[in-house]
Amino acid sequence: MYYRYFLLLFYCIQAQTQTLLINEMMSKNESVIVDETGEYVDWIELYNDSDNVVNTGDYFLTDDLDKPTKWQLPSALLNPHDFQLIFASEKDTVVDAYWHTNFKIQSSGEAIYLFDTNGEVVHFLPATDLGNDQSLGLQKDGDSLVNLFLFPTPNASNNQHQIDFSHPTGMYTEAFFLELMGNDSDSIYYTLDGAIPTQNSTLYTSPIPFNNATFQPNKIANIPTTAIPNDNYFEWQSPQNNLFKINTIRAIRYKNSVPNSPVYTHTFLVDDNIKNRYTLPIISLVTDSLNLFDYDTGIYVPGANVDPDNPNWTGNYTERGRIWERPAHIDVLTPTGDLLLQQDLGIRIHGFKTRSTPQKSIRFYARNDYGWATMNYPFFQYRDLEQYKRLIIRSSFCDWGDALLRDELAATVFRELEVDYMEAQPVIVFINGEYWGVQSLRERMDKHYFANHHNLPKDSINLMKGLGDAIEGDNSSYKDAHNFIENNDLSIPENYEHVQTLIDFDNFIDYQISQIYFNNRDLHGDNYKYWQSEAGDGKIRWFFFDMDAGFYKPQVANLALFLDDNWIHLFLRKLFENDDFKTQFLNRFNELLQTTFLPENILPKLDSLTAIYAPEIPEHIERWSYISSVEEWETNLKEIEDFIVERHSFMTDILYNLENKYFNLYPNPNTGSFTIALLESMTNVQVTLNNASGQVLYTEHIDILEKESITLPFLQNGIYTITLQNESEMLQSKMVVF
């Protein structure tokens, strides 16, 4: 992870040496406080953080840095440690204690600045998308940390609805006692199992001991997360040993039997070697265990919705939509315990067939309903973004019991191409304190992703898959393009030029070449995805999604397969009717073979990922029993390494054959059974096979419609020449039999 050591729950606002501060503000006041006319309007609260009286007339408020004197405060004396409430109503009036600015605060969030008479920014609060009746303010009166408040306090102290913890979330090498502090008139209740505390929970009466929790027996880890039995590749198995565990606590204040604070959630990792135990960032996911494992409503189990006759595609974990989203909390820490993010959010199960595997992918949703509308941290080294609406902790399906990192390896290559992809950061996951293994923190490719990465309005994004199935937005752009391409001759320049206005050729070519080169065996309708925006240039662009089934079988000559009559290959097949496109495609393929796809470029990426994952693999195996051993994992990595080396040589030969009027022949070497593959059909072809001495051993007249399989069991080990000849051309290729 690209570490920047500041708390992501908070923005750190420097007040310098100033005494007048913006202590709190609200942009969607629905029911918190009214002005003198009875209206609910935006408001800003100032605080005198000094022991001296301040003249407010020496200051200005503005929502526009280019207009620092937009609204001058009335001249009045504000006593030490006192508050002044100002309504941001656009009324521009001052009537006794009711002050109104000449501007409103944008409901979607905008920064508010306090200037002095010298034109200097004294203080500000950042632009933040707040929910109804939520406020943004200093964590405590006069503090440098900013927080979101579910219990706003206009014209009053920000401290009155908080719980103070004697120890913050983090790592501890020794056991300790945790003290919880709040208003003496309130009662504090807490839980240690992830459940939301209520008055039925444990009442805090004395400091709570926290130590290494590993001695406790496995609980949720012993709950089966797949149907048993099933015919899946992976069936849930109980952990091999007692798991390493960390501590979580959730606490709340009650006053007169009514909640008087938000729920506070903290994570404590206690072990004498804890700061050396992990090499990856840590995500502690905390939620009521019923949200995950309840028979009727738990999203992580087969539960009430499983069909015993179809266990791979049914179960609670296959359910989708907001109704199957559950509230949760995450703490994100560095390997040495620095807190990066602490946030309430929503979670859903993510993926296709991975939903039926033991370790599932989980999607994170930041919403005003839970607090912050975004997750505010630069999670990925190769991204400039610092705000995310959606993220995923991802497990693979095809690669889960193999190498774990194929899709992530592909992402490191895709950084150099003209195609969108999901950035990745491997992490260690704990759920309600129990070790849950290694997963990959990934971007979620939805309308927010494309809006953020391409600076487009999110509502302009059309996201599609397969034959134009709309995921988000409208699918007419793809339907129109598909109809035109399918029904027109693209060798005609006018038609070809029109297609160039419909799809991004550079993007399309890089996407197709990569799918071919890395031999993605799982490119079906749900993984064939693309997007378009009318707010941009309107062109369709493809994006990479799921390369877990790549990097297998280096000597598969699949270029011809991508030109067959499968619907998923229609665009490429039709575009190959045009010689200009064919030339552009093959030139780009050769360029990538000489740059991005070189083994000396990809092998170091594999080595780097291997080094990142290796320290964590033994504990992951103990948790899930897939893969069976570190040695098996290393063997699987060797297969990827062999693919990287052999694939480059194999595809280089294929392109050479194509450009020099040769043809594809695979497998090569073989035992006498092989397939001839062409980019274009040949009719009335005489196929001739000669041995090294020139003797004809086989000849036949056939039509080759792109590919033809031949078996010659009588062939001895050796080198042979195969010739294809008809009236218009002659092609040759060498073949090895062993």
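Nothing here was measured: the structure is a model prediction, and the numbers come from that model.

A tally of helices and strands in the protein yields twelve helices and 42 strands. Principal-axis analysis of the C-alpha atoms gives the protein an extent of 105 × 65 × 45 Å. Every one of the 738 residues in the protein was classed for burial, and the buried ones make up 58%. A sequence separation of at least 24 residues applies to 65% of the contacts in the protein between residues at least 6 apart. Accessible surface, the protein: about 30,200 Å² in total, of which carbon and sulfur atoms supply 46%. Averaging the locations of the 51 positively and 103 negatively charged side chains of the protein gives two centres separated by 4 Å.

Moving on, we come to the sheet that holds strand S28 (residues 361-365). The sheet built from seven strands closes into a barrel, its strands ordered S25-S26-S27-S28-S29-S31-S30 with mixed pairing. Here the average twist between neighbouring strands, direction ignored, is 40 degrees. Bridge count for strand S27 (residues 339-350) against S28 is five bridges, and the pairing is antiparallel. When the bridges of S28 are listed, Ile-349 appears paired with Ile-362. Strands strand S29 (390-394), strand S30 (424-431) and strand S31 (434-443) of the sheet are contacted by helix H3 (residues 406-414), whose axis makes an angle of about 30 degrees with S31.

Turning to the sheet that holds strand S34 (residues 529-533), a few remarks are in order. Pairing is antiparallel across the open sheet formed by four strands, whose spatial order is S33-S32-S34-S35. In this open sheet, the two strands that pair with only one neighbour each are strand S33 (469-472) and strand S35 (541-543). Within the sheet, the average angular offset between the axes of one strand and its neighbour, ignoring direction, is 35 degrees. In this structure, S34 lies alongside S35, joined through three bridges in antiparallel fashion. Bridge pairing in S35 links Trp-531 to Arg-541. Here helix H4 (residues 447-454) sits on the sheet in contact with strand S32 (461-465), S33, S34 and S35, set at roughly 125 degrees to S32. Lying on the sheet, helix H7 (residues 505-517) is in contact with S34 and S35; it crosses S35 at an angle near 30 degrees.

Turning to the side chain of Asp-186, a few remarks are in order. Looking at the secondary structure, you find Asp-186 in the loop between strand S18 (180-181) and strand S19 (187-191). Taking the relative accessible area as the measure of exposure, Asp-186 reaches 10% and is therefore buried. Polar side-chain contacts of Asp-186 include one of 2.7 Å to the side chain of Asn-260. Here Asp-186 is in contact with Arg-253, Tyr-254, Lys-255 and Asn-260, once residues within four sequence places are set aside.

To continue, consider the layout of surface pockets. In this structure, the second largest pocket occupies an estimated 860 Å³ of space. Along the walls of the second largest pocket sit 41 residues, with Gly-351, Phe-352, Lys-353, Asn-527 and Phe-545 positioned nearest its centre. For the lining of the second largest pocket, the secondary-structure elements that each account for two or more residues are S27, S28 and S32. When residues of the lining of the second largest pocket are assigned to their parent elements, the largest contribution, three residues, is made by S27.

A separate point is the packing of H7 against helix H9 (residues 579-593). Viewed as axis vectors pointing N to C, H7 and H9 meet at an angle of 60 degrees, and their least axial separation amounts to 10 Å. As far as their axial angle goes, H9 and H7 are oblique. Pair H7 / H9 crosses with right-handed handedness. Between H7 and H9, the residues in contact are Phe-505, Asp-506, Phe-508, Ile-509, Asp-510, Gln-512, Ile-513, Ile-516 and Tyr-517 and Phe-581, Gln-584, Phe-585, Arg-588, Phe-589, Leu-592 and Leu-593, respectively. Taken together, the residues of the contact of H7 with H9 sort by class into eleven nonpolar, two polar and three charged.

Looking along the chain, the bond that leaves Tyr-626 and enters Ile-627 is cis, with omega of 5 degrees. By secondary structure assignment, the location of Ile-627 is in the loop between helix H11 (617-624) and helix H12 (630-659). Of note, Asp-133 is a non-glycine position whose phi angle comes to about 65 degrees, a positive value. By the secondary structure assignment, Asp-133 is in the loop between strand S12 (121-125) and strand S13 (135-138). A relative accessible area of 17% places Asp-133 in the buried class. Phi is positive for Asp-546, which is not a glycine, with a value near 80 degrees. Secondary-structure assignment places Asp-546 in the loop between S35 and helix H8 (570-575). According to the relative accessible area criterion, Asp-546 is buried, its value standing at 15%.

Rules used in this analysis
- Residues numbered from 1 in each chain as written.
- Predicted model: local features only at pLDDT ≥ 70, side-chain atom pairs only at ≥ 80, totals over all residues.
- Heavy atoms only, no water.
- Helix = DSSP H or I, 4+ residues; strand = E, 2+ residues; numbered from the N terminus.
- Buried < 20%, exposed > 50% of the residue type's maximum accessible area, 1.4 Å probe, protein only.
- Contact = heavy atoms within 4.5 Å.
- Areas by Shrake-Rupley, 256 points an atom, 1.4 Å probe, with all protein chains shown as cover.
- Lys, Arg positive; Asp, Glu negative; His and termini not counted.
- Charge placed at Lys NZ, Arg CZ, Asp CG, Glu CD.
- Pairing = 2+ DSSP bridges.
- Axes fitted to C-alpha atoms, helices over the stretch in contact; angles between N-to-C directions.
- Polar contact = N/O pair within 3.5 Å; in protein donor to acceptor, adjacent residues only side chain to side chain.
- 1 Å grid on protein atoms, 1.4 Å probe; cavity = no way out; pocket = protein on both sides within 12 Å on 5 of 7 lines; lining within 4 Å.
- Points joined across faces, edges and corners; volume = space filled by probe spheres on them.
- Parallel < 35°, antiparallel > 145°, perpendicular 65-115°, else oblique.
- Left-handed = near helix turned anticlockwise from the far one by under 90°.
- Nonpolar A, V, L, I, M, F, W, Y, C, P; charged D, E, K, R; others polar.

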